[in-house]
Amino acid sequence: MKKFIAVDFYDLIWQQTERIFSLDDMEALFRKYAEHGIDAVLWRLSACGKLLYHTRTPDRYAVKGEPGSLQRRTFEVMQQYDPAEAAVNMGRKYGIEVY
């Protein structure tokens with residue numbers, strides 16, 4: 001039987017208050033999943049109807065927000081990397097399916 005875990009990427013950004021949620025943080029997360037025998041990740045990439053991955057549609061989450069705000073942290077993550085692409089790459093690296 002496969003082990004699944006559901007992950008809300010927006011929550012990961014929200015919980016990381018000291019700095020943005022980095023690729024190193026994502027790597028540590030996927031490493032932990034692999035160590036615990038997780039086979040697949042249900043990777044949620046939307047918040048309030050806004051998409052948290054790189055897209056050309058107008059519903060992309062790209063609001064700068066106030067310094068220190070959740071909107072600003074999300075904007076900064078989106079400037080540094082594509083959370084969908086990064087999750088797929090981490091899944092490949094650790095043998096975890098990403099949905």
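Residues take numbers from 1 onward in each chain, read along the sequence in its written order. Local features are withheld for residues below a pLDDT of 70 in this predicted model, meaning they are given only at 70 or higher, and side-chain atom pairs are given and counted only at 80 or more; totals for whole chains, interfaces and linings count all residues. With hydrogens and water stripped out, all remaining heavy atoms of the structure feed into the side-chain values.

Caption draft 1: Region of interest: the environment of D39. By definition, any uninterrupted DSSP run of H or I lasting at least four residues is a helix, any uninterrupted run of E lasting at least two residues is a strand, and each is numbered from the N terminus. Topologically, D39 is positioned in the loop between α2 (23–35) and β2 (40–44). Burial classification: accessible surface area is computed with a 1.4 Å probe over protein chains only, and a residue below 20% of its type maximum counts as buried, one above 50% as exposed, and the rest as partly exposed. Of the residues examined, D39 reaches a relative accessible area of 29% and is grouped as partly exposed. Residues D39 and V98 lie 59 residues apart in sequence; the distance between their C-alpha atoms is 8.9 Å. Only heavy atoms enter the contact rule, under which two residues are in contact if any of them lie within 4.5 Å. Sequence-distant contacts of D39, that is, excluding residues within four places in its chain, are made with M1, K2, K3, G95, I96 and E97.

Caption draft 2: Seen up close, the confidence of the model for the chain. In this model, the chain carries a mean pLDDT of 86, and residues with pLDDT of at least 70 account for 84%. For every residue, the predictor states its confidence as a pLDDT score lying anywhere from 0 to 100. Per-element confidence in the chain ranges from a low mean pLDDT of 67 for strand β4 (residues 50–51) to a high of 98 for strand β5 (residues 97–98).

Caption draft 3: How the structure looks around the sheet that holds strand β1 (residues 4–8). Pairing is parallel across the open sheet formed by three strands, whose spatial order is β1-β2-β5. With one partner strand each, in any of the chains shown, β1 and β5 form the two edges of the open sheet. Lines are fitted to the C-alpha atoms to define the axes, a helix being fitted only along its stretch in contact, and any angle between axes, read from their N-to-C directions, falls within 0 to 180 degrees. Sheet contacts for α2: β1, β2 and β5; angle to β2, the most-contacted strand, approximately 145°. One requirement defines pairing of two strands: DSSP has to find at least two bridges between them.

Caption draft 4: Quick look at the packing of α2 against helix α4 (residues 83–94). The interhelical angle for the contact between α2 and α4, taken along N-to-C directions, is 40°, at an axis separation of 10 Å. By the angle between their axes, α2 is oblique relative to α4. The crossing of α2 and α4 is right-handed. From α2, L23, M26, E27, F30, R31 and A34 reach across to α4, where they touch P83, A86, A87, M90, G91, K93 and Y94. When describing relative orientation, an angle under 35 degrees is termed roughly parallel and one over 145 degrees roughly antiparallel, while 65 to 115 degrees is termed roughly perpendicular and anything else oblique. Two helices crossing with the near one rotated counterclockwise from the far one by less than a right angle form a left-handed crossing, whereas a clockwise rotation gives a right-handed crossing.

Caption draft 5: Structural context of the packing of aromatic side chains. By convention, a stacked pair of Phe, Tyr or Trp rings (six-membered ring in the case of Trp) has centres within 6.5 Å and planes under 30 degrees apart, an edge-to-face pair has planes over 60 apart, and any other such pair is tilted. Using the criterion set out here, one finds five aromatic pairs in the structure. Ring geometry for F4 against Y99: centres 6.4 Å apart, planes inclined by 35°, an arrangement best described as tilted. One end of the pair, F4, is in strand β1; the other, Y99, is in the segment after β5, and 95 residues separate them in sequence. Given a relative accessible area of 54%, Y99 falls into the exposed group. Aromatic pair F9 and W43: ring centres 5.5 Å apart, planes at 45°, arrangement tilted. One end of the pair, F9, is in helix α1 (residues 9–15); the other, W43, is in strand β2, with 34 residues separating them in the sequence. Take W43: its relative accessible area is 7%, and that puts it in the buried class. Of the aromatic side chains, those joined through ring pairs into one cluster are F9, F21, F30, Y33 and W43.

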